[in-house]
Amino acid sequence: MTDPRRAIPRTDTVVNDPRLRSATNRLGSRAVKAVVTEILSQVRAGTVPIDETVQRVLDRLPARASTLTPVINATGVVLHTNLGRACLSAAAVDAVVAASGYVDVEFDLAEGVRASRGRGALDALAIAVPAAESVVVVNNGAAALLLAVTTLAAGREIVISRGEMVEIGDHFRLPDLMTSAGARLREVGTTNRTVLADYAEAIGPDTGCVVKIHPSNFRIEGFTGSVSTAELATLGVDVIADVGSGLLEAEPLLPDEPDVSSALISGAAVVTCSGDKLLGGPQAGLVFGRADVVELMRRHPMARALRCDKLTLAALEATLRGPEPPASRALHVKSDQLRRRAEVVAAGLGATAVPSEGAVGGGGGPGVTLPGWAVALPAELAAVLRVGDPAVVGRIAGGRLLLDLRCVPADQDDALIGAVQQARSRIGLPCT
Ligand SMILES: *Cc1c(COP(=O)(O)O)cnc(C)c1O
């Protein structure tokens, strides 16, 4: 009788099996070897038959080298920070892929000399916002505000309304960000009401700037009042307007959402915003404004620590020059169209289509509801759908799981149906 363990293949033999070649190309030999080692130990323990070794390795290997799992966003929330905010357009994805190798981000190919970094993205921003004399791009909206207040108010005072002391999420608070720049906050007014005279009385020789922050993730109602950028601009000090969402122009669907162009025309010295909210691009921070102030920011030592990478610059430019990005499409899609799609998906699943209220999300339009349509399913499917690949994240309402189609690209409706059928079979629900 020969020892059955003699037949167990060596790790390298399994790793080099032709059936694992494409996985090795995709995931790297180290990742494949780790799984092979794990499965072979199960073979040795007798829990896996030898002739199933390769198949078990294939089953166990991850789908991709990154652990980030693509999600079908069926929450109806367009800018879901936990789900990565805006999705890139196909044009922006192409630009990212093209920029992922060597690229002329800081090089003039015609002359063979150094060129200004990200000039294509800066040109596209200048075209998109003619009211801006100049623009600089940094890592995110928080970095844009940090650079602006550092440049204008480090060691001095920032005058700001008590109604604009915003926490942007995960315990990060803009007042703390501003004081970390070495500026002192001079809070004026109250939580619900601030008037121009409050600012005027606080302004003095030590004032670095006035900051106006858009409360982009909450809304206060009732006896309220705030001072417009145009009024603040009459005070004789530089005004930084943090509009947050990155709308470059006024959006009729979101009448209360401030936009970059209007804030500049109203007299803000600089306007800051994010790239991955309503602008619909990659994570980035944009600072538009007067040429002298923006130049000081560009030259500030901190600018180098806050700068964004070539992939961001590529995606940002393509978002601005290319076709309408997904965030804008999801915002503007007609309810009728969502209804038709929801009915088709529901029919495919033997479920029902129901009206559903979507939202812009933490990135803008607080309190605005976006009327749309969803497919209603039993709530117990939610957890199973979340751990599928692609993962599907919906919304629980009234004891049911709603899959809102607003942020689901129409070409993923079939993938959504497939994911639901798979989830049903995993927990033994009939697939009707
Ligand atoms: C989102 C937001 C920020 C932070 O921007 P990030 O891109 O998340 O860093 C700052 N201010 C306002 C008003 C915002 O809405």
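Residues numbered from 1 in each chain as written. Predicted model: local features only at pLDDT ≥ 70, side-chain atom pairs only at ≥ 80, totals over all residues. Heavy atoms only, no water.

Per an unreviewed UniProt entry, the protein chain is named L-seryl-tRNA(Sec) selenium transferase, and its organism is Nakamurella panacisegetis. In its Catalytic activity (unreviewed entry) section, the UniProt record describing the protein chain reads: "L-seryl-tRNA(Sec) + selenophosphate + H(+) = L-selenocysteinyl-tRNA(Sec) + phosphate". Comment text from UniProt for the protein chain, heading Sequence similarities (unreviewed entry), reads "Belongs to the SelA family." (UniProt positions renumbered as here; feature names shortened; annotations may be inferred.)

> Provide a residue-level description of the overall build of the protein chain, including the pertinent values.
Helix and strand counts for the protein chain come out as 18 helices and 18 strands. Taken over the C-alpha atoms alone, the protein chain extends approximately 95 × 55 × 40 Å along its principal axes. Summed over all atoms, the accessible surface of the protein chain reaches about 21300 Å², with 53% contributed by carbon and sulfur. (Helix = DSSP H or I, 4+ residues; strand = E, 2+ residues; numbered from the N terminus. Areas by Shrake-Rupley, 256 points an atom, 1.4 Å probe, with all protein chains shown as cover.)

> How would you explain the domain arrangement of the protein chain if you had to name every residue and give the values?
Split by domain assignment, the protein chain resolves into domain 1 (12–59), domain 2 (71–82 + 328–426) and domain 3 (88–323). Summarising the inter-unit geometry, the C-alpha centres of domain 1 and domain 2 are found 37 Å apart. (Domains from an automatic or database assignment.)

> Mind laying out the pairing of strand S11 (residues 239–244), listing which residues take part and the relevant values?
Burial analysis of S11 places six of its six residues in the buried class, which makes it a mostly covered element. With burial as the criterion, each face of S11 is covered, one bearing Val 239, Ala 241 and Val 243 and the other bearing Ile 240, Asp 242 and Gly 244. Strand direction decides the pairing type here: strand S10 (residues 207–213) and S11, joined by four bridges, are parallel. Across the sheet, Ile 213 pairs through a bridge with Asp 242, a residue of S11. Strand direction decides the pairing type here: S11 and strand S12 (residues 270–274), joined by four bridges, are parallel. Bridging from a neighbouring strand, Gly 244 pairs with Cys 273 of S12. For the crossover from S11 across helix H11 (residues 260–265) to S12, the handedness is right-handed. (Buried < 20%, exposed > 50% of the residue type's maximum accessible area, 1.4 Å probe, protein only. Pairing = 2+ DSSP bridges. Right-handed = clockwise from strand over helix to strand, strands pointing away.)

> Describe helix H12 (residues 291–299), listing the residues and the values that go with them.
Every buried residue belonging to H12 is among Val 293, Val 294 and Met 297, and all of these are buried. Looking straight down H12, one finds its buried side chains confined to an arc of 95°; they lie on one side. Exposed residues on H12 whose side chains face more than 90 degrees from its buried face are Leu 296 and Arg 299. The inward-facing, buried residues of H12 contact strand S5 (134–138), helix H7 (141–153), S12, strand S13 (285–289) and helix H13 (301–306). (Arc of directions from axis to C-beta. Contact = heavy atoms within 4.5 Å.)

> Help me get a handle on the pattern of salt bridges, residues and values and all.
One pass over the full model with this rule turns up 23 salt bridges. Measuring nitrogen to oxygen at the nearest pair gives 2.9 Å for the salt bridge that ties Arg 117 to Glu 106. One end of the pair, Arg 117, is in the loop between strand S4 (113–114) and helix H6 (119–128); the other, Glu 106, is in the loop between helix H5 (90–99) and strand S3 (107–108), and 11 residues separate them in sequence. Each member of the salt-bridge network shares a partner with another, and the members are Glu 106, Arg 114 and Arg 117. (Salt bridge = Lys/Arg side-chain N within 4 Å of Asp/Glu carboxyl O.)

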